[in-house]
Amino acid sequence: MASKDTYSSLNENRKDIRLVTIHAGLETDPIDCSLAVFSLNDKPVYEALSYVWGDPSAESSILLNKHEFKVTTNLAQALRNLRIDGAARILWVDAICINQNDIPERNSQVLLMGEIYQSARRVVSWIGLPDEETDKSFQALRRAAKSNYSRKWMRQELGLSPGGKRIWDYKHILQSFYSPWRPYWSRAWITQELAFARDGIIRCGEWEVPYSNLENFSLLLRTEVFSSARELITKYGEGYRALHFLVMHLKKQEINWRAKPGSRLLDLLERFRIKDSTDPRDKVFAVLGLSDLCSSKHPGLQISYYKSLRDVYLGAFIGIVEETASLDILCASNLPQKGDSQEESNLPTWVPDWRTIGKRPYWALQGQGAIVPVAAAADTKPSVKFDQGMGIMATSGFCIGTICSVGERIIETDMHKEEQWDRMFQCVSQWHCMLLDAVTDSDATETLFLRTISLFLYPNDTIGIRQLQPFINAQLGRNDKSFQPEDELAHNHNMRLLSVRTVLHESCRGAAFVLFQVTKPSNGPQIYSTGISNADVREGDKVCVFLGCSSPMVIRPKGAYFEVVGELYAPEFISGEAVKYAELKLVKQESFDLC
């Protein structure tokens, strides 16, 4: 435990912080540190440690200002490995430099964290102790740098040149470096720490490599894997799919895809909701300082550890809606959940539970790759009223239909297992039959079906509907002459099949096909439309477009109120059609009380 003299007071106006000095010592010596106060205004020279606390019950002792001080074992290992023989080393380490028992101090220091990491001469990312495979990874990174990131060298590494490695060896090396048991990569706070870093290194035991080396290596690997796809498929067959998956995983790693200061808060919350945090309130606090709303005075967007979890998540929702004049945050609500339930935090169904790791469909991530923008409510602004105590949000919009049939849900697909692809296509076939049972088969119906299951992500000649249709037809057992498995250019066939599978994997994993009756005037004919949803949709649920919300939403009656079920991709209602129908008096604007 820290003594009562460990922490002296900090002056917020001076931007005071504490820095810890690791004193020189041999490997077997106790870890001896001292703590001192500095002002950021004086531009002190230090490094900032980025790490994961680790198991709080696994503790080790260090000396801090000559008194025993408990830290987690992972932090103790980091300090021991970062200690320099014969010289002192000055670091900023949150668990030591912030008095964790002083809530006002935690609030003020968290507000400064972006500046703390930005002011550091470099950030040190401690990912843990090495193993045999990790040693090979760092050796490969050094070889890449020594080759000046030469494509000739990379071709040898991928086994495409005489004397090169086999692809399987390389796959295992990369997997070891980013292995799931390294919790560093899943930590919420590294998003902000790496985004603000002016310079940085990755440290694993005594191994270290600059961020820039890993970025250059990742770019080189991606370039060669994609440009040499023909050779790799010919040489390794299904092995190429494994490497392609691994490269995409590497691309998404924090080092290679760092968030930018000033990013939309909603984008940050959605993109990094899969990250872990000991305190679930940090799912919001860890990205708030990095966002476009970091300077907002809105009461819901202020960092305070006095707030309950409900107050933090509900406040962030209201703050984002009122500051951005957009209701898009509603699309992240009530996702498939793992872990704590909505009830345990007493959250309304319209407030996203950022602790959950349910994945929104790829198409829904506005600005993150969707080719066709989704703008169900056109350019309208939200019309909302909040009752925070009751957890009610009154919002205006249009009911565009009622769900009448829900298809079988596609399970998460392992891209390496052929039988799971067969299972996915069986679901797609069931969806198609469900549509034909309700709607007369026609070219328009076929196009709508294909648009729905591809989520209109790739509306081009290469991978779009015209490429998708022959493969779907073949998988559904139809006679389609444009599908030619015996094409003399087998590579083209394999690449097209991989592209189609990629489209369906991104579009439909975890999703269910939905058929709904479109709201119609009393004397109009019955019309059906289709959609895809990752939410727990059911027959009788209502499909709505709310003012200011980009995506159609599914809601469920509950007494006098409605629960938010989740978003729905409905290709016939993604470009402001509901607003146009209201102008033609085909649907009416009404108010919905969401609970």
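Refer to the preceding data block for the structure.
Just so it is clear, the structure is predicted and the values come from calculations on it, not from any experiment.

### A short note on unusual backbone geometry
Then step 1. Positive phi is not limited to glycine here, since Asn 65 has a value of about 50 degrees.
Then step 2. Here Asn 65 shows up in the loop between strand 4 (59–64) and strand 5 (67–72).
Then step 3. Take Asn 65: its relative accessible area is 25%, and that puts it in the partly exposed class.
Then step 4. Residue Tyr 149 is not a glycine yet carries a positive backbone phi of 55 degrees.
Then step 5. Among the secondary structure elements, Tyr 149 is positioned in the loop between helix 4 (132–146) and helix 5 (151–157).

### Focus: the state of the cysteines
Then step 1. Applying the stated criterion across every chain, the model contains zero disulfides.
Then step 2. Free of any disulfide, Cys 399 has its nearest neighbouring cysteine sulfur in Cys 544, separated by 4.4 Å.

### Digging into the side chain of Ser 50
Then step 1. Note on placement: Ser 50 falls in strand 3 (residues 47–50).
Then step 2. Judged by its relative accessible area of 0%, Ser 50 falls in the buried class.
Then step 3. Only 2.7 Å separates the side chain of Ser 50 from the side chain of Tyr 184, close enough to count as a polar contact.
Then step 4. Beyond its immediate sequence surroundings of up to four residues, Ser 50 is in contact with Tyr 117, Val 123, Val 124, Ser 125, Trp 126, Tyr 184, Arg 187, Ile 190, Glu 193 and Leu 194.

### So, the pairing of strand 14 (residues 542–546)
Then step 1. Within strand 14, four of the five residues are buried, which leaves the element mostly enclosed by the surrounding structure.
Then step 2. One ladder, built from five bridges, connects strand 11 (residues 392–406) with strand 14; its direction is antiparallel. What sits directly across from Gly 397, in strand 14, is Phe 546.
Then step 3. Taken together, the three bridges between strand 14 and strand 15 (residues 553–558) define a ladder with antiparallel strand orientation. Bridge pairing in strand 15 places Lys 542 opposite Ile 555.
Then step 4. Counting the residues that bridge the hairpin from strand 14 to strand 15 gives six residues, and of these Gly 548 lies at a positive phi of roughly 80 degrees.

What counts and how
Residues numbered from 1 in each chain as written. Predicted model: local features only at pLDDT ≥ 70, side-chain atom pairs only at ≥ 80, totals over all residues. Heavy atoms only, no water. Helix = DSSP H or I, 4+ residues; strand = E, 2+ residues; numbered from the N terminus. Buried < 20%, exposed > 50% of the residue type's maximum accessible area, 1.4 Å probe, protein only. Disulfide = S-S within 2.5 Å. Polar contact = N/O pair within 3.5 Å; in protein donor to acceptor, adjacent residues only side chain to side chain. Contact = heavy atoms within 4.5 Å. Pairing = 2+ DSSP bridges.

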